[in-house]
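# Results of the structural survey
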Amino acid sequence: RRLGEPLIDRVPSGCAVTAFGQRVLAWAEQMEALAHQIERAGDVTGSHGLEGTVRINAVEWMSYILMKLLGSFQERFPGLAIEVLTSQQPYNLARREADIAIWSECPDEGDLYVRRIGKVRFGLYASRDYYLRHKVAIKKKEWSKLSFVGYDERRGDHPAARWLRTLPGAPAPSLRSSYVLGVFDGVLGGSGLGVLAQLAGDTTSDLVCIEPHIRELDQDVWMVLHPALRGSERIRAVSNLVADIFR
């Protein structure tokens, strides 16, 4: 009412934004973009230095690897805090939903700083206990005599699921999960063989690597950030930490 024109009209199917409402929405989005631009400028030119929180958006495996291998970064950067935000879909960096993104595919969005920092490699693993109980069948690759941990039907087209189906005589996974850490936990718990990221499997003492490098499952690791943040001291410090992990 205070604007003098309606923003939304009621229609038989519900509500529809009016032409004036569309204009107001565009103005609001411009204001939001300017606010984020001011925040980014403050990050670069302000006196924050190596203090504050850096938010990293990453897909499942890369998120787990970061949480496990960032290690004692606080000893080097006591004023920094890091948040790892796990998602299947990338966060919007322009809206500052995250400061840094770690993606497995090169983004096709225009105004972003992107660089490939390494690869995630995968192997076939078993728990130490499962390996000792089925050592003979594993060494002979008698897959039909072994159990597997994998993905459920909703993720049946996952590259790791497809690779398991190429093993001669291998049964379908008897323990299935909809997410990668479920597979990791199932393998670690002794339920069978499963495909895991090497950076996760090789740094877990209770796991044994059966097939060390499944080359067709390699994933590139792309670091993505808004170009306006490249001059931020804290963003640069965390970016270097992340790059060292995947290099």
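Residues numbered from 1 in each chain as written. Predicted model: local features only at pLDDT ≥ 70, side-chain atom pairs only at ≥ 80, totals over all residues. Heavy atoms only, no water.

## Structural notes on unusual backbone geometry
Phi is positive for Arg96, close to 65°, though the residue is something other than glycine. When you line up the elements, Arg96 lands in the loop between strand 4 (80-86) and strand 5 (100-103). Here Arg96 falls in the buried class, since its relative accessible area comes to 10%. Not every positive phi belongs to a glycine, and Lys141 is a case in point at roughly 55°. Within the secondary structure layout, Lys141 lies in the loop between helix 5 (135-140) and strand 8 (149-151). (Helix = DSSP H or I, 4+ residues; strand = E, 2+ residues; numbered from the N terminus. Buried < 20%, exposed > 50% of the residue type's maximum accessible area, 1.4 Å probe, protein only.)

## Some thoughts on the packing of aromatic side chains
By the definition in use, this model includes five aromatic pairs. Summarising the aromatic geometry, the rings of Trp61 and Tyr64 are spaced 6.3 Å apart at their centres and angled 80° between planes, so their arrangement reads as edge-to-face. One end of the pair is Trp61 and the other is Tyr64, both in helix 2 (residues 60-69) and three residues apart, which spans about a single turn. Each member of the pair, Trp61 as well as Tyr64, is classed as buried. When the ring of Trp61 is compared with that of Phe184, the centres are 6.4 Å apart and the planes differ by 80°; the resulting orientation is edge-to-face. Of this pair, Trp61 sits in helix 2 while Phe184 sits in helix 7 (residues 180-188), and the two are 123 residues apart along the sequence. We note that Trp61, like Phe184, is buried. When the ring centre of Tyr113 is taken as origin, the NZ or CZ atom of Arg230, which lies over that ring, is 3.9 Å away. (Phe/Tyr/Trp six-rings, centres within 6.5 Å; stacked < 30°, edge-to-face > 60°. Lys NZ or Arg CZ within 6 Å of the ring centre and 35° of its normal.)

## Remarks on the packing of helix 2 against helix 7
Contact geometry for helix 2 and helix 7: axes closest at 9 Å, N-to-C directions at 60°. Classified by the angle between their axes, helix 2 and helix 7 sit oblique to one another. For the pair helix 2 and helix 7, contact is made by Glu60, Trp61 and Tyr64 and by Val180, Leu181 and Phe184, respectively. (Axes fitted to C-alpha atoms, helices over the stretch in contact; angles between N-to-C directions. Parallel < 35°, antiparallel > 145°, perpendicular 65-115°, else oblique. Contact = heavy atoms within 4.5 Å.)

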